[in-house]
Amino acid sequence: MKDTLSRPVMEVRDLTVRFPSLDGTEEVRAVDGVSFEIRAGETFGVIGESGSGKSTVGRTLVGLLEPSSGTLKFDGQDRASMSKRDWRVARRAYQMIFQDPNAALNPRMTILDSLIEPMKIAGGRSAAEMRDTALAALEKVGLRRDMAQRYPHEMSGGQKQRVNIARVLPLDPKLVVCDEVVAALDVSIRGEILNLFKELQADMGLAYAFIAHDISVVAQISDRIAVTYLGQFVELGPTEGIIEAPLHPYTIALLSAEPQPLPAHLRHRRRMVLEGDIPSPVNPPSGCRFHTRCPWATERCAGEEPAWRELRPDHRVACHHATPEGLPPLPDRGAGQISE
Ligand SMILES: Nc1ncnc2c1ncn2[C@@H]1O[C@H](COP(=O)(O)OP(=O)(O)O)[C@@H](O)[C@H]1O
Ligand SMILES: [Mg+2]
């Protein structure tokens, strides 16, 4: 189903999203100039520390947030030039599933009513059709039809997350944004839910934007991975290239911090301890935003923002020091932080 030749389901150019800071005097640059596309039927992974702007990107992709600047093309159509009516129809194919399995379920509604609700809003189906479609969707996500009569509190977290997946299927989505969708689930059932996502994708050809802070989760499911840092992408490439031969120091740091060791063939030899906290997105560092935490940083990194370069096929990075072979050996001063 992976189709790199057809039109992307989503094209994002120079996206920025800014929020007023708590006291209203400054701006939080939550997303600060990212460009990418999501291809039909692919899983586009997004990783990065908490606060790096992942959820903000995700919410923008489904129209829950408006960009401060930049363009978004939904299935080739520029959001800015769509009529209200066209937008209402177009955005239906762009759905989101959240970390909290309860987020989209009304505790006072049966599972059946929760499944029917999005179809009601979309319109165009009779009551009987909506009921049949809801029950079929329930089966599709591996739940029994009789569970439709239950209330959310009568189900486990994993079952509720299956219901949340079932809710979006009748809308025939082109893209489903999955924001930390397994983070709240027991480790033992994460694999099952990830497999369900894969099966549905193979079956329906839908694309995912799969957001998580946990690299091993993203690596299991993604075709490509974008690495975010302080509202920007620092690296974007095929999963194998990102995991086995990362080009950006921050990606190496994230891979080193992985608590559950990656499978041996995915493990990287270089280990690096990420020191210090993520700087504030109100006043991000000059030049390369990662230079304050980077063992490779030189004067140039503090002064000049690195270009977004395609160093390997379909693999881009924003780092002055990266080469197609990776990063050069570290200068002596950083030797304490890294082992090879
Ligand atoms: N509605 C909001 N108002 C103000 N600041 C926000 C809002 N949403 C997110 N932010 C800020 O934007 C930055 C990015 O947040 P977020 O996209 O949630 O990151 P992530 O999902 O990677 O943890 C953070 O500094 C966060 O505090
Ligand atoms: Mg988030």
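What counts, and at which threshold
Residues numbered from 1 in each chain as written. Chains lettered and ligands numbered in written order. Predicted model: local features only at pLDDT ≥ 70, side-chain atom pairs only at ≥ 80, totals over all residues. Heavy atoms only, no water. Pairing = 2+ DSSP bridges. Helix = DSSP H or I, 4+ residues; strand = E, 2+ residues; numbered from the N terminus. Near = heavy atom within 4 Å. Polar contact = N/O pair within 3.5 Å; in protein donor to acceptor, adjacent residues only side chain to side chain. Areas by Shrake-Rupley, 256 points an atom, 1.4 Å probe, with all protein chains shown as cover. Buried < 20%, exposed > 50% of the residue type's maximum accessible area, 1.4 Å probe, protein only. Phe/Tyr/Trp six-rings, centres within 6.5 Å; stacked < 30°, edge-to-face > 60°.

**Student:** What's the story with the sheet that holds strand S2 (residues 27-38) in this structure? I'm lost.
**Tutor:** As a general point, the strands of a sheet are linked pairwise by backbone hydrogen bonds and lie either parallel or antiparallel. With antiparallel pairing, the four strands of this open sheet are ordered in space as S2-S1-S4-S5. Single-partner strands in this sheet number two, and they are S2 and strand S5 (77-78). Both strand S1 (residues 10-20) and strand S4 (residues 69-74) contribute to a ladder of five bridges, which runs antiparallel. Bridge assignment links Arg 13 to a residue of S4, and that residue is Thr 71.

**Student:** Explain the site of ligand 1 here, please?
**Tutor:** Inspection of the region around ligand 1 gives Phe 19, Val 28, Ala 30, Glu 49, Ser 50, Gly 51, Ser 52, Gly 53, Lys 54, Ser 55, Thr 56 and Pro 281 as its neighbouring residues. A distance of 3.2 Å is found between an oxygen atom of ligand 1 and a backbone nitrogen or oxygen belonging to Ser 52. Between ligand 1 and Ser 55, the relevant distance is 2.8 Å, taken from an oxygen atom to a side-chain nitrogen or oxygen of the residue. Here ligand 1, which alone exposes 560 Å², has 61% of that area covered by the protein. Those elements that provide at least two residues to the shell around ligand 1 are S2 and helix H1 (54-61). It is H1 that provides the largest number of residues to the shell around ligand 1, a total of three residues.

**Student:** Looking at this structure, I do not really get the pairing of strand S9 (residues 224-229). What am I missing?
**Tutor:** In terms of residue burial, S9 counts as a mostly covered element, since six of its six residues are buried. Burial of the side chains of S9 extends over both faces: Arg 224, Ala 226 and Thr 228 are buried on one face and Ile 225, Val 227 and Tyr 229 on the other. Of the pairings in the sheet, the one linking strand S3 (residues 43-47) to S9 comprises four bridges and is parallel in character. For Phe 44, the partnering residue across the bridge sits in S9 and is Arg 224. The sheet contact formed by S9 and strand S10 (residues 232-238) spans six bridges and is antiparallel. Bridged to Thr 228 within S10 is Phe 233. Counting the residues that bridge the hairpin from S9 to S10 gives two residues, and of these Leu 230 lies at a positive phi of roughly 45°.

**Student:** Explain unusual backbone geometry to me, please; I cannot follow it from the model alone.
**Tutor:** When glycine is set aside, most residues are seen to have a negative phi, and most peptide bonds are trans. The backbone of Asp 14 sits at a positive phi, close to 50°, despite the residue not being glycine. Mapped onto the elements, Asp 14 comes out in strand S1. Not every positive phi belongs to a glycine, and Asp 172 is a case in point at roughly 55°. Its location among the elements puts Asp 172 in the loop between helix H5 (157-168) and strand S7 (175-179).

**Student:** I would appreciate a short explanation of the packing of aromatic side chains in the present structure.
**Tutor:** Given two aromatic rings, their pairing is described by the distance between the two centres and the angle made by the two planes. Scanning all chains against the criterion turns up ten aromatic pairs. For the pair Phe 74 and Trp 87, a centre-to-centre distance of 4.9 Å together with 70° between the ring planes defines the contact as edge-to-face. Of the two residues, Phe 74 is situated in strand S4 and Trp 87 in helix H2 (residues 84-91); the sequence distance between them amounts to 13 residues. For the pair Phe 74 and Trp 87, a shared accessibility class is recorded, and that class is buried. Measuring from ring centre to ring centre gives 5.2 Å for Tyr 250 and Phe 290, while their planes differ by 65°; the resulting arrangement is edge-to-face.

Distances and angles like these do not, on their own, reveal function.
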